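# Notes for the structure review
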Amino acid sequence: MASSMTASPTSSSNGQTDNSPPIGVINMAHTNKPFKKPGYTPKKTRNLKQIITLEKAKEWKTSTPTYWNIEALPSMTPQKKYCDITGLEAKYTDPKTRLRYHSTEIYQSIKSQPIGVVQQFLGLRNAAVVLK
Amino acid sequence: MDMDLDEDSVTLHPMQTEKQFTPTPDYSDYGSFASTGTALVIDNGSWQCRAGWATEDKPRLVFDNQIAKFKDRKAHTSNIFVGNDVYADVLARSSAKTAFDGDVMCNPEIMESVLDYIFVKLGITADRIDHPLIMTEPVCVPHYNRNMMTELLFESYQAPSVTYGIDSLFSLYANGPDRAKDGIVMSAGHHFSHVIPVSGGKVHLEHAKRISYGGVAASEYMLKLMQMKYPTFPMKMTTAQSETLLINHTYVAHDYLQELASYEDPEIFKTKDRVIQFPFVAPVVEEKSEEELARLAAKRKEQGRRLQEQAAKARLEKLIQREQNLEQYLALKNSKATLKKAEWAEQMKAAGFKDEADLDTVIKTTDAAIKRARNKELGIEEEEKEPPTFPLVDIPDEELSEMDKKEKKKQRLLKASHDARMRAKAAKAEEMAIQEELARQDAERREREPQKWLDEVHAKRKELVDKIKAKKQLREQLSDRRSHASQLRMTAIAALASDAPPPKRRRKGQDEDTFGADDSDWMVYREIAREDDSEDEEEATQLNEYEQQLLKYDPDFLHEHTMNAYTPKNSFLHYYTNGLGPYDPAVGLELSQTYQLHLNVERIRVPEVFFQPGIVGLDQTGFVETLQDVLKRFDAQARERLVQNILVTGGMAQIPGLVERLDESIRSILPFSPDRKNYHVRRAQDCLLDGWRGAAMIGRDQERIKKISVTKQEYEEYGGHYIKEHGLGNVFQD
């Protein structure tokens, strides 16, 4: 079976033709794969969310670790606040935009920001207003 | 002197536009592995795939776990490039895909191409993969996904057996097999980070935790931060580039708050700021030799001369034409005397004249034009025009004919506009004189009482600045509908709009509307008007004038004292984005500087998320708190054993300072021990390859492999999700 296709998989042998891949690259679409059993087609792709919904439907012991129950829990310690613009420690929050800021200089710059930019800054810490 | 030197010698870190292609080696020594039953080890990570023979000390192939499937329209070929080969072609680069969703393999078709590639690269020529396979899989991978993988391995490649394990546990094993019975692995990976306890040789996945932050999220966060910091950056930054920023320039702060504060000090900032230079093309300035310049100048001159000549020629021709015309007209006029009236009228008509007056005016204008042209040719300046006279204006209408009356009307109009022009000119001159006089007086006063003069200018400037500021504040308040200023404005508008006069007045019996009697009444319009930009401009020029004077005459008044002063040193936002290099506010950034990123606070901000996920709004425990959480689930004795062996591994564990920070913070969650010997934190010897190495170590023990692997027969009997627990992999529940 393998002898019928003798072309070497490496690019060096067919590096002369026009549609050959760049040197050092194997085009897997036209490479001899003797180790494969023909006739097998892989399963269809599903995204992880779908798969987890499927898996969740099965019965699981509560003690069994699963992909969805090993996620770290919400933090119980008080969160430090950082400046949304610079990342420095934030002592203040602008009541209008809800942006946290470090100093008056940064506050001045916040005041001149359009609302879209403000939302983008809030989005950095997942606090932007999402309209649905 | 030292400082100057520092400022000039900024180290630039060049940024590559894209990942460079380096070929993955091909192997042709399969003969020495065929029919030996040597295990094949594949660390199938969502970032890199590492594959090789278990008997060797490192993987033969290490490549980015991706493929590119694309059609070349020109050559009419379908292409599949795998791994780093993707970087060899532009089209491939843009169509790169991965088999992974998060850290889980979800696309078996892509996975198949990757596996094909591995076996081709290893030079396997047999008609099946006759080697026990050892592969890594994510922590608590869903059965569905494991099933996909197992099916692929057995159905497509007819492998004899497969063993799955978790990469970080293999890494623990690689970093001392005898110590792998008790310990905690903390891995900071590509997509996620994990904390996994192992106690008494058993992995306690039920106590393990996954934190949703890793290299991918960190790169994305870095990218977003940079995009927000440089909204007008001339290039589009890619995640691959922000990844190199993450790998090359970030570090974990020992004490985050203290480190943050240190960035505010310009002197320390200077040492920590990293400047990333993106490639850019400077506009080409053609350097010309003097000879060439001279030649060009001569050419230009020659061209100019030729044009002038042409123009002169045209002018001359026109002049001649005009003179001929004039001669004809004059001849026509003179012929009036000699010719019969009817004949003459005929000739007039033929020449296109209505009557004699028409002919006269044409003769007059032509003559004037010829004179003007001649004068110009000879370089004679035309004498000043005499002020126009309006002789008819002062003559009473009765003395004039109908024609003259019309003419008088015209002259009156002309006179009026002429007079107005004259008056405006005079007023302007007067104004100029007054201004000059004022300036002179001002200068005189300045010389006489310099201090007093300066004080006055300062006072005037201050008044103006206050006014501008107050205006700005009002404007800001008006932009908020609930502010006091806005409400006052709305009341005023409502009062103006209502038909009923204010009730107070009616009570007094005054029905008469007295609005406007008092000048201040009109101020209400000012109150309700939103803004007037024209005044702003005037104020700005006035302020600029005052400031220019002060800059000139007050030695204590420097550029940085002006209202819109912008000096790099006193503005954190300036040096945060543009660094502390030399900067001229008047000129702005140089071209090369517009292609620069300054990486400073981000250097610690991005990796800090591992410890404080709240920074990116992730509501999960950080590394240390998660560890504390995990430890709580064990009794005191076990806890003591576990903390003696804390191993940090994964790609992100390479970030400088991460292990040190962990070491420092873990102390705070453990019982006090003066000698700090009650726990031990270490970094894996090779954070990237130890997962593969640990798996290879298992793979060398063929007896062990037989015990823990799933054979094809077992797969057919129990299903694709079936595994045997072996202490370095997932647990099994049917």
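Residue numbers restart at each chain and count upward from 1, following the sequence in its written direction. Chains and ligands are labelled sequentially in the order written, the chains with letters from A and the ligands with numbers from 1. Note on the predicted model: pLDDT of at least 70 is required for a residue's local features to be given, and 80 or more for side-chain atom pairs to be given and counted; whole-chain, interface and lining totals, by contrast, use all residues. Side-chain metrics in this entry use all non-hydrogen atoms of the structure; hydrogen atoms and water are not considered.

## Focus on helix H4 (residues 143-157) of chain B
Residues and elements named next belong to chain B. Our working definition: Counting from the N terminus, the helices are the DSSP runs of H or I reaching at least four residues and the strands are the DSSP runs of E reaching at least two. A helix's residues, less one, multiplied by 1.5 Å, set its expected span. Here's how the labels work: a residue is buried when its accessible area is under 20% of the maximum for its type, exposed when over 50%, partly exposed in between, all with a 1.4 Å probe on protein chains only.
Taking 1.5 Å per residue as the helical rise, H4 with its 15 residues ought to reach 21 Å, and the 21 Å between its terminal C-alpha atoms agrees with that figure. With respect to burial, H4 is a largely interior element, 14 of its 15 residues being buried. Positioned one or two residues after H4, Gln158 has a phi angle of 55°, which is positive.

## What to know about the environment of B:Pro674
Its location among the elements puts B:Pro674 in the loop between helix H24 (658-669) and strand E19 (681-683). Linking B:Pro674 and B:Leu378, residues 296 residues apart in sequence, is a C-alpha distance of 108 Å.

## Regarding empty space enclosed by the protein
As a reminder of what qualifies: Lining residues are defined by having an atom within 4 Å of a point belonging to a cavity or pocket. Those points lie on a 1 Å grid over the protein atoms alone, cavities being sets where a 1.4 Å probe fits but cannot get out and pockets being open sets with protein on both sides within 12 Å along at least five of seven lines. Grid points are joined across faces, edges and corners, and a volume is the space filled by probe spheres set on the points. Any residue outside Ala, Val, Leu, Ile, Met, Phe, Trp, Tyr, Cys, Pro, Asp, Glu, Lys and Arg is labelled polar, Gly included; the first ten of those are nonpolar and the last four are charged.
A complete count under the given rule lists three cavities of 30 Å³ or more for this structure. By volume, the largest cavity is sized at about 130 Å³. Surrounding the largest cavity, 15 residues form its lining, A:Trp60, A:Pro65, B:Cys140, B:Val141 and B:His143 being those nearest its centre. Considered class by class, the residues forming the lining of the largest cavity number eight nonpolar, five polar and two charged. Of the pockets and cavities examined, the second largest cavity occupies roughly 110 Å³. Mapped onto the lining of the second largest cavity, the elements with two or more residues apiece are strand E9 (104-105) and H4 of chain B. The greatest single-element share of the lining of the second largest cavity, amounting to three residues, is contributed by H4(B). Here the residues of the lining of the second largest cavity are counted per class, giving seven nonpolar, three polar and two charged.

## Digging into a nonpolar patch on the surface
All names here are of chain B. Heads up, the condition is: Like-charged residues within 9 Å of one another, or nonpolar side chains (Val, Leu, Ile, Met, Phe, Trp, Tyr) within 5 Å, are grouped into patches, provided each residue has over 30% relative accessible area and no salt bridge. Here the accessible surface of atoms and residues is derived via Shrake-Rupley with a 1.4 Å probe, and residues count as covered only by protein chains that are part of the display. Criterion for a salt bridge: a side-chain nitrogen of Lys or Arg within 4 Å of a carboxyl oxygen of Asp or Glu.
The grouping of Leu496, Phe515, Trp522 and Tyr525 at the surface amounts to a nonpolar patch, some 380 Å² of accessible area in total. Tracing the backbone shows Leu496 in helix H15 (residues 484-497). For Leu496, a relative accessible area of 34% translates into the label partly exposed.

## Description of the interface of chain A and chain B
Threshold: Note on definitions: a residue-residue contact is assigned when non-hydrogen atoms from the two residues lie within 4.5 Å. Once two parts are put together, the accessible area they lose, assessed with a 1.4 Å probe and summed over both, is termed the buried area.
Each partner contributes residues to the interface: chain A has 71 residues there, and chain B has 86 residues. For the pair chain A and chain B, the summed buried surface comes to about 6700 Å²; carbon and sulfur atoms form 59% of the total. Taken together, the connections running from chain A to chain B amount to four salt bridges. One salt bridge in this structure joins B:Asp116 and A:Lys36, with 2.9 Å as the shortest N-O distance.

## What about unusual backbone geometry?
Residues and elements named next belong to chain B. Even without being glycine, Cys140 reaches a positive phi, approximately 55°. As for its placement among the helices and strands, Cys140 is situated in the loop between strand E10 (133-136) and H4. Of note in this structure, Gln158 is not a glycine but carries a positive phi near 55°. For Gln158, a relative accessible area of 23% translates into the label partly exposed.

## A short note on the UniProt feature "domain: Vps72/YL1 C-terminal" (unreviewed entry) in chain A
Threshold: UniProt positions are given in the numbering used here, feature names are shortened, and annotations may be inferred rather than shown by experiment.
Sequence positions flagged by UniProt for "domain: Vps72/YL1 C-terminal" (unreviewed entry) are, in local numbering, residues 81-110 of chain A. For residues 81-110 of chain A, helix accounts for 23% and strand for 13%, while the C-alpha atoms at its two ends are 17 Å apart.

## Section: the packing of helix H3 (residues 108-121) of chain B against H4(B)
Residues and elements named next belong to chain B. Stated formally: Axis definition: a line fit to C-alpha positions, over the contact stretch in the case of helices; interaxial angles, taken between N-to-C directions, run 0 to 180 degrees. What sets the label is the angle itself: under 35 degrees gives roughly parallel, over 145 gives roughly antiparallel, 65 to 115 gives roughly perpendicular, and the rest give oblique. Handedness of a helix crossing follows the sense of rotation of the near helix relative to the far helix, less than a right angle counterclockwise being left-handed and clockwise being right-handed.
The contact between H3 and H4 brings their axes to 11 Å, and the two run at 50°. As the angle between them shows, H3 and H4 are arranged oblique. Classified by chirality, the crossing of H4 by H3 is right-handed. Where H3 approaches H4, its residues Pro108, Met111, Glu112, Leu115, Asp116 and Phe119 are matched on the opposing element by Met148, Met149, Leu152, Leu153, Ser156 and Tyr157.

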